[in-house]
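# Results of the structural survey
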Amino acid sequence: MNLYLECNMGASGDMLTAALADLFENKTGIENELNSLNIPDTVFKLEKRSSCGIGALGVSVIIDGKEEEPGGGHYSHHHGRHLEDVFEIIDKINAPSKVKEDAKAVYKIIAEAEAQVHGKEVGEVHFHELGMLDAIADVTAVAYLVNRLAPEKIIASPINLGNGTVKCAHGIMPVPAPATEKIINGVPCYKSDIQSELCTPTGAALIKYFANDFSSSARFDKNVKTGVSAGKKEFDSAPNILRAYLYESEVVELSCNVDDMTGEEIGFAVQVLMNAGARDAFTTPVFMKKGRPAYMLTVLCESGERERFVRLLFRHTSTIGIREYTPSRYTLKREIREDAGVHIKRSEGYGEEKEKIEFEDIKDLAIKENISIFEARKRIKEAD
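Notes on the structure in this doc start here. Just so it is clear, the structure is predicted and the values come from calculations on it, not from any experiment.

Our focus in this paragraph is the overall build of the protein chain. Within the protein chain one finds eleven helices and 20 strands. The C-alpha atoms of the protein chain give 24 Å as radius of gyration, which agrees with the globular expectation for 384 residues (21 Å, within 12%). With the C-alpha coordinates aligned to their principal axes, the bounding extent of the protein chain is approximately 80 × 50 × 45 Å. Within the protein chain, the proportion of its 384 residues that are buried is 46%. Sequence separation of at least 24 residues holds for 68% of the intrachain contacts in the protein chain that already meet a minimum separation of 6. Counting only carbon and sulfur atoms, one obtains 49% of the accessible surface of the protein chain, whose full area is about 19400 Å². For the protein chain, the distance from the average position of its 47 positive side-chain charges to the average position of its 60 negative side-chain charges is 5 Å.

The following block contains the structure:
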């Protein structure tokens, strides 16, 4: 499954959290899961909202009985905590290690931007207490929900930044705020006529970290599920919503036969295709006309990516012709969970349930303990 984030009204941590949470059927269950993260003095509250008549989900983050005002999300202040203090809080929350790693990476993006703005080292940046905890909540919640959804790819639309000015800790600033401007460097975005800050530093950092690609549109082939969030600001010109689409793309199979490449050359081509984001790439020994031994090189990719992979096949192989098929597929719903530091891929559907330990975790244990792969797998299973 892929995830597409439509940021036509910008991006903020709370709106991303609510849009992702809306993709789950059991809202109460997801709210309980977010609160079970045990972020200090923090409570998540999911609530029904609407914007311009469009029903949506909202989230309120209440910290020590207080809630950040709409338009919050600017964290530099002369009195507060440093990045190492933020990391210490994140390390203590009740979440899988991957969620913690992602959350710290996102917060580091924010800290680096603030450091550039104020001409300081990253470790010298201070974060206002309430704003810091609010950002930790948003960042961790999004990281947790992305981990739960486990999309194969995340695509975001160009981000609407808004326009006008915004009040920060250091005064009135133009939109985008200085920290946001640093973060969105390299991220497709645009300014609109809406006189408000639509993209906060937290929202910008989350999109920059999690998005694998950017596109103004996405092709939803099948099994589309939509999550809609609404912010607390209201605008006359447009609904203040962010939409998240979880969908399955149609897969295209491209193949070609080659009989004049070495094994090393074909192996390199397969690696290039996989590094480029192919769903899969593999070779099959075949016999061509006149009994010539050859290889059939096959690549599976999303339908919208076919032309890019056709170009890669022509560039990295000797073929002069490529075949295209659209296979029918039956897939199980997948998610990755963590148990005692081990990542386990769980699949279910059609009355079946399957679990598989991620091979990288098995390999890491084998290397660390200087044991065989078989012994490492056995130890992990016995400890489960």
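A few words now on the side chain of Ser347. Examined against the element boundaries, Ser347 turns out to sit in strand E19 (residues 342–349). The residues contacting Ser347, other than those within four sequence positions of it, are Leu332, Lys333, Arg334, Glu352, Glu353 and Lys354.

Read across the sheet, four strands follow the order E15-E16-E14-E17 without closing on themselves; strand pairing throughout is antiparallel. Across the chains shown, the open sheet's two edge strands, defined by having one partner strand only, are strand E15 (280–287) and strand E17 (323–325). Averaged over all adjacent pairs, the angle separating strand axes in this sheet is 25 degrees, with direction ignored. Relative to strand E16 (residues 293–302), E15 runs antiparallel, the two being bridged by eight bridges. From the neighbouring strand, Val286 faces E16, where its bridge partner is Ala294.

What follows covers the nonpolar core. Judged by nonpolar contacts, the single largest core of 70 residues is most densely connected at Leu5, Leu20, Phe127, Ile136 and Ile207. A per-element tally of this core places helix H5 (residues 129–149) first, with 13 residues. For Ile136, the residues in contact, after removing those within four places along its chain, are Ile39, Val86, Ile89, Ile90 and Tyr107. Grouped together as the second largest cluster of nonpolar side chains are 18 residues, Cys256, Leu273, Ala281 and Leu312 included.

This paragraph deals with helix H4 (residues 97–118). Structural remark: α-helix, 3.6 residues per turn; residues separated by three or four positions point the same way. Between its first and last C-alpha atoms H4 spans 31 Å; for 22 residues at 1.5 Å apiece the expected length is 32 Å, and the two agree. Where H4 is concerned, the buried positions are Val99, Lys100, Asp102, Ala103, Val106, Tyr107, Ile109, Ile110, Ala111, Ala113, Glu114 and Ala115.

What follows deals with the pattern of salt bridges. Per the stated rule, a full pass over the model turns up 20 salt bridges. Residue Glu33 is joined to Arg148 by a salt bridge in which the shortest nitrogen-to-oxygen separation is 2.9 Å. One end of the pair, Glu33, is in helix H2 (residues 27–35); the other, Arg148, is in helix H5, with 115 residues separating them in the sequence. Residue Arg148 is classed as partly exposed on the basis of its relative accessible area of 24%. Among the salt bridges present, the one from Glu47 reaches Arg49, with a minimum N-O distance of 2.7 Å. Arg49 sits in the buried class, given a relative accessible area of 14%. Shared partners join several salt bridges into a network, and the residues in it are Arg346, Glu348, Glu353 and Glu355.

Along the polypeptide, Ser192 turns up in the loop between strand E10 (189–190) and helix H7 (201–210). There is a polar contact of 3.0 Å between the side chain of Ser192 and the side chain of Asn160. Apart from residues no more than four positions distant in its own chain, Ser192 is found in contact with Asn160, Gly162, Asn163 and Leu198.

The rules behind these values
- Residues numbered from 1 in each chain as written.
- Predicted model: local features only at pLDDT ≥ 70, side-chain atom pairs only at ≥ 80, totals over all residues.
- Heavy atoms only, no water.
- Helix = DSSP H or I, 4+ residues; strand = E, 2+ residues; numbered from the N terminus.
- Rg over C-alpha atoms; globule rule 2.2 N^0.38 Å.
- Buried < 20%, exposed > 50% of the residue type's maximum accessible area, 1.4 Å probe, protein only.
- Contact = heavy atoms within 4.5 Å.
- Areas by Shrake-Rupley, 256 points an atom, 1.4 Å probe, with all protein chains shown as cover.
- Lys, Arg positive; Asp, Glu negative; His and termini not counted.
- Charge placed at Lys NZ, Arg CZ, Asp CG, Glu CD.
- Pairing = 2+ DSSP bridges.
- Axes fitted to C-alpha atoms, helices over the stretch in contact; angles between N-to-C directions.
- Core = buried A, V, L, I, M, F, W, Y, C linked by side-chain atoms within 4.5 Å.
- Expected span 1.5 Å × (residues − 1).
- Salt bridge = Lys/Arg side-chain N within 4 Å of Asp/Glu carboxyl O.
- Polar contact = N/O pair within 3.5 Å; in protein donor to acceptor, adjacent residues only side chain to side chain.

All we've got here are geometric facts, nothing functional implied.
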